[in-house]
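Fold and geometry: a report
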Amino acid sequence: MEFWLFLAQLATVALLLAICHRPLGDYLAITFTSRRDLRVERGIYRIIGVDSKSEQSWQVYLRSVLAFSIVGVLIVYLLQRLQAWLPYSLGLPAVPQGLSFNTAISFVTNTNWQSYSPEATVGYTVQMAALTVQNFVSAAVGLAVAIALVRGFAAHRSGTIGNFWVDLMRGTLRVLLPLSVIFTLVLIAGGVIENLNAVHAVHTIAGATQNIPGGPVASQEAIKLIGNNGGGFFNANSAHPFENPTAWTNLVEVFLMLLVPFSLPRAFGRIVGDRRQGYAILAAMAVIFVVSLSLMTWAESAGGGAATQAAGGAMEGKEQRFGILGTTLFGTTSTLTSTGAVNAAHDSLTPLGGMMAMLNMMTGEVAPGGIGAGLYGILVMAVVAVFLAGLMVGRTPEYLRKHIGAREVKLASLYFLTTPTLILAGTALSFGVPGVVQSVEKTTIFNPGQHGFSEILYAFTSAGNNNGSAFGGISANTPWMNAALGCVMFLARFVPIVFVIALAGSLAAQEKSPVTTGTLPTHRPMFVGLLVGTILIITALTYFPVLALGPLAEGLH
Amino acid sequence: MSPTFRGTARQYWVAVRAMVVLTVVLGIAYPLAMTGIGQLTMPVRASGSLIQEHGTTVGSSLIGQSFTDAKGVPLAQWFQSRPSAAGDGYDANASSASNLGPNNPALTKAIDARKAQIEKLDGADASSIPPDAVTASGSGLDPHISPEYALLQVPAVAEARGLAASKVETLVKSMIQGRDLGYLGEPTVNVLRLNLALSELDPGGDSGRK
Amino acid sequence: MTAASSPATASKGGKTPKRGGAPKGAFNARQLWTSLPDALRKLSPRVLWHNPVMFIVEVGAALTTVLAIAQPFLGHQVSGGTSTSVAFTWWIAIWLWFTVLFATLAEAVAEGRGKAQAASLRTTRTTTSADRVVDYADDDPGALHAATTRIASADLTLGDVVVITAGDLIPGDGDIIWGVASVDESAITGESAPVVRESGGDRSAVTGGTRVLSDRIVVRITSKPGETFVDRMIRLVEGAARQKTPNEIALNILLAGLTIIFVVVILALGPVAGYADAAPTVPVLVALLVCLIPTTIGALLSAIGIAGMDRLVQRNVLAMSGRAVEAAGDVNTLLLDKTGTITYGNRQASEFLPLPGVGDDALVNAAALASLSDPTPEGSSVVALAKTLGHSPSSSVASESVPFTAQTRMSGIDLSDGTQIRKGAASAVSAWAGSEGAIDSAVASELDRIVQRISQSGGTPLAVATREPNGGARILGVIHLKDVVKTGLAERFADLRRMGIRTVMVTGDNPLTAKAIADEAGVDDVLAEATPEDKLALIRREQEGGKLVAMTGDGTNDAPALAQADVGVAMNTGTSAAKEAGNMVDLDSDPTKLIDIVAIGKQLLITRGALTTFSIANDVAKYFAIIPAMFVGVFPGLQALNIMQLHSPSSAILSAVIFNAIIIVILIPLALRGVRYRPSSASQLLGRNLLLYGLGGIIAPFIGIKLIDLLVALIPGF
């Protein structure tokens, strides 16, 4: 019975994506390759002073990405610090420095890690003008970088990889905004609130009072999921009934998280002129997704852990309306994309279920990964896989008719080095630096034993992959955690982006080499297997020791 | 100034202007427009699916409530919601899970205590208590309990209100909501709605044992 | 030409002039033993520094040794809840040293194979003396009257002119500017038959160290001292001039990346495990690090490269750079000269076609007679064919042969009875016959038809005519000369096609002829009536489309194309200009070898890729051995991960380290021999190699570590 429900639910998601990825993928490809600007875009380009017809070299493209993101950090920081003077702030004071720093980076990097409880920290103006805006534009930045890389593969001896400002505006105005408008209405229809009411008290029939919150939730919820952001309007995130009221809105939210990431391979295939290449990437994503979902569902259904056994089932931290299946589907989706939204308390997942959430992020979030970031992440892994496999067919490795030489391998290696280094360094420093370790062990960690260690590992894994979900028991609003996680989020987002854009430039400058039967085919099932294998082995080798000390030490008996 | 520096400075000036434009469009126009449309077309849902009873708002059908006294002792005349970690319990302005780990002794202890309490309150056998009855939800605001837990509470509630158990059981069964579309999520009983229906059935029993 | 520009590090002046047979064939255990001294020398950190992976192992080995010495003074050592003995630390230290040693041994063995060849080549460099012409003047090209001075060959410089007479060693590389001589080049080619070298044309190059057997020649020296062909060859076979190839550099970067990740993993493990009081000791961490970083491929990478060059040398091909060998694996288009590569290079008579009214016998007889004194291969093939048809004309009849000249474009014989027989190009023969009397128009058109048909089929028509003493001339018929395509080529071209390589035949023939031969040989395309400029243009065109082109050449006019091609194989018989321009030299001057060169290039890359995959795949099993062992003392639940059921934590860790070391030795033969390569499509190759080295790489260490553990368990204390 459970198995059939699991399959039916998975099949529904698959069917929805199968229907939607084609038109959306094609639309994305057209959007980012069209020469025409909309009238409103022309107006905006005039205001911001951009010539939409001028193409940028990779260096200029990169500088634009960084400039835009740094300005974003400053604005989000300032708005939080000025909260006391802003309208609709619900009487909340300015957000403290450390927390503002952490939150600003968190939202600009598409991580949306929340060291704070939103209800008690941010008013509606910061929610809308700072956080909702970043929900859009941080996603659009990811999309732009991915498209730039795809252009690199598609180009032939080109010195340019597109124009960041055009990609940013098109991604925002032509893709994210229309989708958000549609799905805001769908979510409102499901019961997600959308108002500007302040918190108001009601008198319950049991004779008590209850505070009912308000807020422009649905409009943020839609882009939170479509843009793989994941920062909740409320502390409980998508477990909160006002964010995710029913089992079917839960499915819609899962669908929204997967929609753009699973459509991008199609767009990629179209732009490089070989749709089969896109489908190979899509297949690799899907395989990892299904396997991971099955494992987490198995772990949660099996119900490991002494407390879980005592309760008779893994329902701690889960909502009755979603049940285990609705939770693992959401949790897997959220951690395999860079969303990080949760509809349950991941801290209370079974040891192995919680490990799957971590492992999902540790794969580098490529199945299907965050908006844009998933595609460029898996393409970099494809470059690594192609390099090894390419040697094994006796030729200088090629991917999509581009040579994978020393420069490409260097950039790809630096890419896959960055995130694990940040995660492991952050975790190790948390337990290794005198002064820090006391704060971490006494204040930050919530649960005792190795689960407490897992909380820290999860936090840095989440920050290092710009996911944003957490083993929520930890108190991350400490100087060390705010600073360390802030730095990890920033570096883990932009250092890889530097390498990706440099890679795009390096590929774009190359000529296309001819395809022969001696060329490694990268659209066949064998390559899909190789790509999946490469991702899993690199992930496993990097994280096995720390996982052994965390969830495995906790979960194996 | 070097050309690179000028180029970089120019990028930042573009970035600031782009940020301002996008903030106006996405941070102000978009949420306000959506709020307007939502309030016009689906005012009840956009406002939180609030439930009116005799002219006053008694809660939201989406947000769970406590049916306990001020000290947190369950009121036997009401069906009980799940344990909650939101504030002091079902504080909708402080949504939260317990975040207790699956091997946390504190959680095991709490679960054992809840089981004991339910055994005492409902006279149920420990092995028949469903997991949702002894675990806190992710939001702390779960409006639902499982049909099993609702049915388990029937004898005690009926007794507290002096109603025939079969009558209460019929009521509970009528309030069971199946899976969405038949296969999504779990079957649920909305505790607030159940208690409102109970109150309608037996208005006199709301204030306690007669 | 990277080899030429790199500093000469090989020691000068050979000592033991004996021509040792180059070590061909398989690797044997003796080589390990004889290479040991070299391997030990390579342990020096200053040498090992260039191999970051092995350098890290050496640092780890040294650290562990120090800790093993210090351990008795440090007190009880507990690693991850399990106490470790002094013996354990010593065992780890010893096997870490073995790991490094096996790596340097692999390289030493690979280099050792080249050393023997280098030694025999050195004998040719024995300093000789040379007769240098003082003030060489153009009006005395043979330097018959010029004065000469006797100097040491080592003192010769670029542009010097020397006189060499029979019996002398040629003192340096150069071009013959006067004279002709037979030269014994066995010292470098291993081929004992002497070759003819003469001034002008494409066979003017001579190589220092070879011996003039007859005649007297004047040579202009074209190489600087210490940079002669033989010098370069010695450096190549010794591996001293080896530079990392592009793919090797890329692979090194990837390996460095993986190494860095694992260093980070290990560094993080201490503090992280400390949280649970499960911190491993340094030797255990070093053991894990060494097992995880790609030591297998790190140890064998340079041996693979050296062995790849060595395989070329064994086939008598000298690659001037490793880059060229790698490029050979990437080649998309092969330009093959028709003559000598696709065909045997000489046209042979395949049939006799008499004109109407002429008997078969008359034609065959006349043709055979006309060819009797024709020394060219075509001539003898006519005689041979006639013989098979039962005609053996004797030259006993007094006769006078008429040799071929460019003016007449005919050759033939004048018999003593006054009968003249001529054979040659149809137009020339027609003119000859026609000049003595009118030709029947019907005969003329029939002749035309036959000539056309033969030409179209790719053959060469050779008309035969006689003139009786009484003056009546008539055309008898036509000999069909055919280019004979080498046997077995069609299959090789099919192999190439499967590998994704396009073959283009280059010929000076007319398009019709060319097309016919191309079809017979099974090449993909043809460049007919090709001039050297056409060839160059074709290469440029192919390269425009991103293709890599390989070609062979020997003439000076091939030089630009050889230089432009990604892989240019010059024939050793060719001019020094051609040898300079190409990036490989084939000592056997066998153009067909281009195909072998491509296979060797591919095999080199495949071996690297396969062993890298194997190395990384190995890590999975090592993790399952070491990780549970590391922490099981604190977290007994991790015993569930000990799926190999290894004896104890100490034995598990040591077994993984031992496996990690031994696998290097086990794979040395594979690294030297290269992974088996059969021409097939990329898909098939990948499937096979993934199964063998990917899946095999995951499974093999599980078995290996378990077996080693069974032995280690016997050691007291484990």
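You'll find the structure just up there.
Everything numeric in this text was worked out from a predicted model, so none of it was measured.

Let's talk about the overall build of chain B
- Summing up its helical and strand segments, chain B has six helices and five strands in all.
- Tracing chain B from N to C terminus, the helices and strands come up as α-α-β-β-α-β-α-α-β-β-α.
- Here the C-alpha radius of gyration of chain B, 24 Å, is well above what a compact globule of 210 residues would show, namely 17 Å.
- Structurally, chain B occupies a C-alpha span of about 85 × 45 × 35 Å along its principal axes.
- With 210 residues in all, chain B has 53% of them scored as buried.
- Pairs at least 24 residues apart make up 59% of the contacts formed inside chain B by residues separated by at least 6 positions.
- Carbon and sulfur atoms provide 59% of the accessible area of chain B, an area that totals close to 9000 Å².
- Distance from the positive charge centre (17 side chains) to the negative charge centre (18 side chains) of chain B: 11 Å.

A look at the sheet that holds strand β22 (residues 549-553) of chain C
All names here are of chain C.
- A sheet is described by the order of its strands in space; here seven strands give the open sequence β12-β24-β23-β22-β13-β20-β21, paired in mixed fashion. If you trace the sheet from one side to the other, it starts and ends with β12 (317-319) and β21 (525-527), each paired once. Direction aside, the axes of adjacent strands within the sheet are offset by 20° on average.

Some details on the environment of Arg453(C)
- Looking at the element boundaries, Arg453(C) is found in helix α16 (residues 441-456).
- Sequence separation of Arg453(C) and Phe631(C) is 178 residues, and the distance between their C-alpha atoms is 85 Å.

A few points about the interface of chain B and chain A
- Contact with chain B, which involves 93 residues of that partner, is made by 105 residues of chain A.
- Of the roughly 7800 Å² buried where chain B meets chain A, counting both sides, 65% is carbon and sulfur surface.
- We note a salt bridge from Arg321(A) to Asp142(B), for which the minimum N-O separation is 4.0 Å.
- One can count 44 residue pairs in polar contact (both at pLDDT 80 or more) joining chain B with chain A.
- When contributions to the side of chain B that touches chain A are tallied by element, the ones reaching two or more residues are α1 (3-41), α2 (43-46), β2 (56-60), α3 (105-122), β3 (144-145) and α6 (191-201) of chain B.
- Element by element, the count of residues in the side of chain B that touches chain A is highest for α1(B), at 25 residues.
- Residue composition of the side of chain B that touches chain A, by class: 44 nonpolar, 36 polar and 13 charged.

Looking at the interface of chain A and chain C
- Counting from both sides, the interface comprises 58 residues of chain A and, opposite them, 61 residues of chain C.
- For the pairing of chain A and chain C, the buried interface totals around 5000 Å² over both sides, and the portion due to carbon and sulfur atoms is 76%.
- Of all the secondary structure elements, the ones that give two or more residues to the side of chain A that touches chain C are α13 (373-392), α14 (406-432), α16 (450-464) and α18 (525-555) of chain A.
- In terms of residue class, the side of chain A that touches chain C is built from 34 nonpolar, 17 polar and seven charged.

Focus: the side chain of Thr418(A)
Residues and elements named next belong to chain A.
- Along the polypeptide, threonine 418 turns up in helix α14.
- A distance of 2.6 Å separates a polar atom in the side chain of threonine 418 from the backbone oxygen of leucine 414.
- Excluding anything up to four places from it in sequence, threonine 418 contacts Leu491, Val495, Pro496 and Phe499.

A look at unusual backbone geometry
- Ala367(A) connects to Pro368(A) through a cis peptide bond whose omega is 5°.
- Secondary-structure assignment places Pro368(A) in the loop between α12 (351-362) and α13.
- Of note, the phi angle at Asp277(C) is positive, near 55°, even though the residue is not glycine.
- Position of Asp277(C) among the secondary structure elements: in the loop between α8 (246-274) and α9 (282-292).
- With a relative accessible area of 68%, Asp277(C) lands in the exposed category.

Some details on the arrangement of the chains
- A comparison of contact numbers over the two pairs of chains in contact places chains A and B at the top.
- The smallest C-alpha distance separating chain B from chain C is 14 Å, and no contact links them.

Describing helix α4 (residues 97-108) of chain A
Residue and element names in this part refer to chain A.
- Taking 1.5 Å per residue, 12 residues should reach 16 Å; α4 reaches 16 Å between its end C-alpha atoms and fits that length.
- By the criterion of burial, α4 is predominantly enclosed, with nine of the 12 residues buried.
- Regarding α4, the residues found buried are Leu99, Ser100, Asn102, Thr103, Ala104, Ile105, Ser106, Phe107 and Val108.
- Where α4 is buried, its residues touch α3 (58-81), α5 (124-154) and α17 (479-509).

Topic: the sheet that holds strand β8 (residues 195-198) of chain C
Residue and element names in this part refer to chain C.
- Reading across the sheet, the three strands line up as β8-β7-β10 and stay open at both edges, with antiparallel pairing between neighbours. Every other strand in the sheet has two partners, leaving β8 and β10 (211-212) as the edge strands with one partner each.
- Note that strand β7 (residues 180-184) and β10 share two bridges and pair antiparallel. Each bridged residue has a counterpart across the sheet, and for aspartate 184 the counterpart in β10 is arginine 211.

Regarding the pairing of strand β19 (residues 473-485) of chain C
All names here are of chain C.
- Strand direction decides the pairing type here: strand β18 (residues 460-467) and β19, joined by eight bridges, are antiparallel. In the strand pairing of β19, arginine 467 is matched with alanine 473.
- Hairpin connection, β18 to β19: the antiparallel pair is bridged by five residues, and glycine 471 has positive phi, about 105°.

Quick word on helix α7 (residues 217-226) of chain A
Residues and elements named next belong to chain A.
- Within α7, 10 of the 10 residues are buried, which leaves it mostly tucked inside the rest of the structure.
- All buried positions along α7 are accounted for by Val217, Ala218, Ser219, Gln220, Glu221, Ala222, Ile223, Lys224, Leu225 and Ile226.
- Directly after α7, the chain includes asparagine 228, whose backbone phi takes a positive value near 50°.

Focus: the environment of Lys482(C)
Residue and element names in this part refer to chain C.
- The topology assignment puts lysine 482 in strand β19.
- For the pair formed by lysine 482 and glutamate 446, sequence separation is 36 residues and the distance between their alpha carbons is 20 Å.
- With near-sequence residues (within four places) excluded, lysine 482 lies in contact with Asn346, Arg347, Gln348, Ser350, Gly459 and Glu520.

Side note on the packing of helix α5 (residues 86-123) of chain C against helix α7 (residues 229-238) of chain C
Residues and elements named next belong to chain C.
- Packing of α5 against α7 brings their axes to within 7 Å, and their N-to-C directions diverge by 160°. One way to sum up the angle between α5 and α7 is to call them roughly antiparallel. Relative to α7, α5 is oriented so that their crossing is left-handed. Together, Glu111, Gly114, Lys115, Gln117, Ala118, Leu121 and Arg122 of α5 and Val230, Met233, Ile234, Val237 and Glu238 of α7 make up the contact between the two elements.
- Partitioning the contact of α5 with α7 into residue classes produces six nonpolar, two polar and four charged.

Rules behind the numbers
- Residues numbered from 1 in each chain as written.
- Chains lettered and ligands numbered in written order.
- Predicted model: local features only at pLDDT ≥ 70, side-chain atom pairs only at ≥ 80, totals over all residues.
- Heavy atoms only, no water.
- Helix = DSSP H or I, 4+ residues; strand = E, 2+ residues; numbered from the N terminus.
- Rg over C-alpha atoms; globule rule 2.2 N^0.38 Å.
- Buried < 20%, exposed > 50% of the residue type's maximum accessible area, 1.4 Å probe, protein only.
- Contact = heavy atoms within 4.5 Å.
- Areas by Shrake-Rupley, 256 points an atom, 1.4 Å probe, with all protein chains shown as cover.
- Lys, Arg positive; Asp, Glu negative; His and termini not counted.
- Charge placed at Lys NZ, Arg CZ, Asp CG, Glu CD.
- Pairing = 2+ DSSP bridges.
- Axes fitted to C-alpha atoms, helices over the stretch in contact; angles between N-to-C directions.
- Buried area = accessible area lost by both parts, 1.4 Å probe.
- Salt bridge = Lys/Arg side-chain N within 4 Å of Asp/Glu carboxyl O.
- Polar contact = N/O pair within 3.5 Å; in protein donor to acceptor, adjacent residues only side chain to side chain.
- Nonpolar A, V, L, I, M, F, W, Y, C, P; charged D, E, K, R; others polar.
- Expected span 1.5 Å × (residues − 1).
- Parallel < 35°, antiparallel > 145°, perpendicular 65-115°, else oblique.
- Left-handed = near helix turned anticlockwise from the far one by under 90°.

Treat this as a map of the structure, not an account of what it does.
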